[in-house]
Amino acid sequence: MTHPSAPTDIRQVEQVLPGRPTQDGAGVKLLRVYSYSPELNLDPFLMLDEFATDEASDYIGGFPDHPHRGFETVTYMLDGRMLHQDHMGNRGDLGPGDVQWMTAGRGVIHSEMPQQTEGRMHGFQLWINLPSGEKMCPPAYRDIPSPTMPVVDLLDGSGTVKVIAGTYSNGLDPIAGPLQGMTTAPLMLDVHMGAHGQFLEPLASGHTAFVYVYEGEAMVGDERVGARHLAVLGSGACVQVNSLESDTRFLVLAAAPIGEPVVQYGPFVMNTRAEIERAVQDYQSGKF
Ligand code: FE
C-alpha cells in the first residue's frame, strides 16, 4: 500500500492483535499481548505481557522461583510494587514508574513477588532475544528508577513521552533514555496523550516495530487501534499515532531483528534443541 499524499513515509499497520487473558507464575492473571511463534515472529521480541488489576487475588501469588536463559526481560511498573530477588543475591524493589532490565544470559533463577496485599498492580513484562554470541553471557541488571528516565513534552503539546530505552528524536533535539548500547538497539517509549494529539517519530529502517495501546484509542497510521491491542508495523520511515480519546496511552517498541533460529522451551530461549536440552540439564543439576 502506498500513500503518495502522505508528508512522510509512515509505517502502516500490518496486523492488529488483541491481548489474550491468561495466567502465569502462581496464578497471576495477565494479558498476553504477544508471544513468539514461528507464525508470528516479531524478532527480536519474544513476549509482551500486561498485568492490570485492582484485585489482590489476581496478583498475590506472584512469580515464585523460576529460571531464564538466553534472553533479556524488561519489567516496567506503572502502579504497585514488585520485589525481584535472584539466586546470586541480587535484589530490586520496583515501584511505580520504575524499570528493571535483566539480561538473563547463561542463567538466572529469580522470583518476582508483589509487595502489597491490596491496591492496584499495573505493569508490563517484555522479553527481548539475545544474539547467539550473547546468550551465554554473565547475567546483568540495570535497575532504572522512574525519576532517572526523561519525560519529554510532545512537540504539539498534546502529551508526554517517557524515554525508557534508545533515543527519542524529539524533532531535532534528541533525548537519550538510560538504556543504550545493546546489540538489538531497542527503542522503548511510553507515550501519554490528550485527545487530538499527534506522535510522529522516525524509526530505524529494517527494525521490527509495534505499538501497544493500553489505554484509550488511536489511529496508528491509517488503522484504528483500541485499548489492549497491539499494532504490528510494516516498513517505512516513521511511526505516526493520532489519539482519538482524551487519555490515550501506548508503548512504542522497535529493535533490530537478530535473524537467527529461535528454539523456545518455556523460560529458555536458545538457537538449537541441543542448547535447550543443555539448559534444562544445567538447571536441574544446579549449574545456573
Ligand atoms: Fe522471570
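Preceding block: the structure.
Calculation notes
- Residues numbered from 1 in each chain as written.
- Predicted model: local features only at pLDDT ≥ 70, side-chain atom pairs only at ≥ 80, totals over all residues.
- Heavy atoms only, no water.
- Donors = N, O, S within 2.8 Å, 3.2 Å for Na, K, Ca; no water.
- Tetrahedral: all angles 85-135°; square planar, octahedral: opposite > 155°, others 65-115°.
- Helix = DSSP H or I, 4+ residues; strand = E, 2+ residues; numbered from the N terminus.
- Buried < 20%, exposed > 50% of the residue type's maximum accessible area, 1.4 Å probe, protein only.
- Polar contact = N/O pair within 3.5 Å; in protein donor to acceptor, adjacent residues only side chain to side chain.
- Contact = heavy atoms within 4.5 Å.
- 1 Å grid on protein atoms, 1.4 Å probe; cavity = no way out; pocket = protein on both sides within 12 Å on 5 of 7 lines; lining within 4 Å.
- Points joined across faces, edges and corners; volume = space filled by probe spheres on them.
- Nonpolar A, V, L, I, M, F, W, Y, C, P; charged D, E, K, R; others polar.
- Pairing = 2+ DSSP bridges.
- Axes fitted to C-alpha atoms, helices over the stretch in contact; angles between N-to-C directions.

Asks: Provide a residue-level description of the coordination of the iron ion, including the pertinent values.
Replies: The iron ion binds to the protein through His66 (NE2), His68 (NE2), His110 (NE2) and Glu112 (OE); the donor distances cover 2.1 to 2.5 Å. Metal-centred angles of 84 to 177° between the four donor atoms at the iron ion mark the site as irregular. Each donor residue of the iron ion lies on the same chain, and together they follow the pattern H-x1-H-x41-H-x1-E. Linking His68 in strand 5 (residues 63–68) with His110 in strand 10 (residues 108–114), this pair joins segments that are 42 residues apart in sequence. The burial state of His68 is the same as that of His110; both residues are buried.

Asks: Give a detailed account of the environment of Val211, specifying residues and quantitative values.
Replies: Relative to the helices and strands, Val211 resides in strand 19 (residues 208–215). A C-alpha to C-alpha distance of 7.6 Å links Val211 and Leu233, two positions 22 residues apart in sequence.

Asks: With reference to specific residues and values, describe unusual backbone geometry.
Replies: With an omega of 10°, the peptide bond between Asp43 and Pro44 qualifies as cis. When you line up the elements, Pro44 lands in the loop between strand 3 (28–35) and strand 4 (45–53). Of note in this structure, Ala185 is not a glycine but carries a positive phi near 45°. The topology assignment puts Ala185 in the loop between strand 16 (175–176) and strand 17 (187–193). One non-glycine residue, His196, lies in the positive phi region at around 60°. Relative to the helices and strands, His196 resides in the loop between strand 17 and strand 18 (198–202).

Asks: Account for the side chain of Asn271, with residues named and values stated.
Replies: For Asn271, the position within the fold is in the loop between strand 26 (268–270) and helix 2 (273–284). In this structure the side chain of Asn271 is engaged in a polar contact, spanning 2.9 Å, whose partner is the backbone oxygen of Pro261. In this structure, Asn271 is in contact with Ser132, Lys135, Glu260, Pro261 and Val263, ignoring residues within four places of it in sequence.

Asks: Can you break down the environment of Gln180 residue by residue, with the values?
Replies: The topology assignment puts Gln180 in the loop between strand 16 and strand 17. Judged by its relative accessible area of 35%, Gln180 is partly exposed. Among residues more than four places away in sequence, those in contact with Gln180 are Arg142, Gly166 and Thr167. One polar contact links the side chain of Gln180 to the main-chain carbonyl oxygen of Gly166, over a distance of 2.9 Å. Here Thr167 takes part through its side chain, which lies 3.3 Å from a polar atom of the side chain of Gln180.

Asks: Break down the layout of surface pockets for me, citing the residues and quoting the values.
Replies: Its boundaries defined by the atoms lining it, the largest pocket holds a volume of some 400 Å³. Around the largest pocket sit 24 residues that line it, and Asp24, Met47, Phe63, Gln125 and Trp127 are the ones nearest its centre. Elements represented by at least two residues in the lining of the largest pocket include exactly strand 3, strand 4, strand 5, strand 7 (82–86) and strand 11 (121–129). Partitioned by chemical class, the residues of the lining of the largest pocket number ten nonpolar, ten polar and four charged. When its volume is computed, the second largest pocket comes out at roughly 210 Å³. Looking at the lining of the second largest pocket residue by residue, the class counts come to nine nonpolar, five polar and one charged.

Asks: Before we move on, can you summarise the sheet that holds strand 20 (residues 217–220) with the specific residues and values?
Replies: Sheet architecture is open: four strands sit in the order 18-23-20-21, paired in antiparallel fashion. Among the strands making up the open sheet, the edge pair consists of strand 18 and strand 21 (223–226). Each strand of the sheet is rotated relative to its neighbour by a mean of 25°, with strand direction disregarded. Both strand 20 and strand 21 contribute to a ladder of four bridges, which runs antiparallel. Bridged to Glu217 within strand 21 is Gly226.

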